[in-house]
Amino acid sequence: MQFEPGDRRRRLPRHLRSPTPDVDTFSFSIRPVRAGDLPDIREIYNHYVANSVVTFDEKRSTHRLWREKFAMLSKLALPFLVAVSASGQVIGYALVQPWASKSAYRYTVEDSIYLGPGAGGKGLGSALLDALIVACERRGLREIVAVISDSSAEASIRLHERAGFVEVGRMGRVGFKFGRSLGTIYLQKSLTPQKRRRLFRSGRG
């Protein structure tokens, strides 16, 4: 999970730029993702692929990749949320996906949160993460993990710590992007499942 509020080194398409001109009038709502949101989600994510080390992806994601991810998360009934401005513009998203493929990991997920440029520093990241945690608990999940870059991701670490995540480990020099080595920080939060249900079945391994 990563986000970098205020990263403007490259500009997004016009319809994805700063959601509002005035922080005092900034407003948003959070809802489940729809298929029509995927192009905007892709552009938000690709902004960070091209401009930051908060994601270790080096190639821009495709519409096909996001359609497949949407279908997979829908099938598994895993939370995938978007934040939209008062005008209906997608300004951020949050999702969880299986932590690992082996079936014993089925109650543990990894989160991912990205905000559009101009949407940081206004409480949106916290609102998305809180909504994601509630949605995970409603689905009977027990643990949520965040994997964060050890460079230029201080805001992500603070965001998760405020939500009750604790650091559980680090790995150094496991990534290489933009000519430099990068590590990862692992944070984890235990959830309180609100109901028992049959969760997704992972592949054997």
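All values reported here derive from a predicted model rather than from experimental measurement.

**Student:** Now, about the layout of surface pockets: what can you tell me, with residues and values included?
**Tutor:** In this structure, the largest pocket encloses a volume near 400 Å³. Y45, T55, D57, S112 and Y114 are the residues nearest the centre of the largest pocket, which is lined by 23 residues in total. Looking at the lining of the largest pocket, the elements with two or more residues in it are α2 (63-76), β3 (90-98), β4 (108-115) and β5 (143-149). Residue classes in the lining of the largest pocket are distributed as 11 nonpolar, seven polar and five charged. Space inside the second largest pocket adds up to approximately 240 Å³. Surrounding the second largest pocket, 16 residues form its lining, P32, P79, F80, L81 and R139 being those nearest its centre.

**Student:** Could you give an account of the pattern of salt bridges, with specific residues and numbers?
**Tutor:** In this structure the tally under the stated criterion is five salt bridges. Residues E43 and R60 are paired through a salt bridge, measuring 3.5 Å at the closest nitrogen-oxygen approach. Taken as a pair, E43 in helix α1 (residues 38-51) and R60 in the loop between α1 and α2 lie far apart in primary sequence, 17 residues in all. R64 is the partner of E68 in a salt bridge, and the nearest nitrogen-oxygen pair spans 3.1 Å. Residue E68 and its partner R64 are both found in helix α2; the two are separated by four residues, about one turn of the helix. Overall, the relative accessible area of 45% leaves E68 in the partly exposed class. Overall, R64 belongs to the exposed group, its relative accessible area being 56%.

**Student:** A description of α2 should follow, citing residues and the corresponding values.
**Tutor:** Counted at 1.5 Å a residue, the expected span for α2 with its 14 residues is 20 Å, and the 20 Å between its end C-alpha atoms agrees. W66, K69, L73 and L76 are the residues of α2 that are buried. Down the axis of α2, the sector holding all buried residues measures 95°, keeping them to one side. For α2, the exposed residues lying more than 90 degrees away from the buried face are R64 and K75. Tucked inside the fold, the buried residues of α2 contact α1, β2 (80-85) and β3. Following α2 by one or two positions, A77 adopts a phi angle in the positive range, close to 60°.

**Student:** Hey, could you go over α1 for me, with residue numbers and the actual values?
**Tutor:** The end-to-end C-alpha separation of α1 is 20 Å, in line with the 20 Å expected for 14 residues at 1.5 Å each. Most of α1 is tucked away, with 12 of its 14 residues classed as buried. Considered for burial, the residues of α1 that qualify are L38, D40, I41, R42, E43, I44, Y45, N46, H47, Y48, V49 and N51.

Analysis parameters
Residues numbered from 1 in each chain as written. Predicted model: local features only at pLDDT ≥ 70, side-chain atom pairs only at ≥ 80, totals over all residues. Heavy atoms only, no water. 1 Å grid on protein atoms, 1.4 Å probe; cavity = no way out; pocket = protein on both sides within 12 Å on 5 of 7 lines; lining within 4 Å. Points joined across faces, edges and corners; volume = space filled by probe spheres on them. Helix = DSSP H or I, 4+ residues; strand = E, 2+ residues; numbered from the N terminus. Nonpolar A, V, L, I, M, F, W, Y, C, P; charged D, E, K, R; others polar. Salt bridge = Lys/Arg side-chain N within 4 Å of Asp/Glu carboxyl O. Buried < 20%, exposed > 50% of the residue type's maximum accessible area, 1.4 Å probe, protein only. Expected span 1.5 Å × (residues − 1). Arc of directions from axis to C-beta. Contact = heavy atoms within 4.5 Å.

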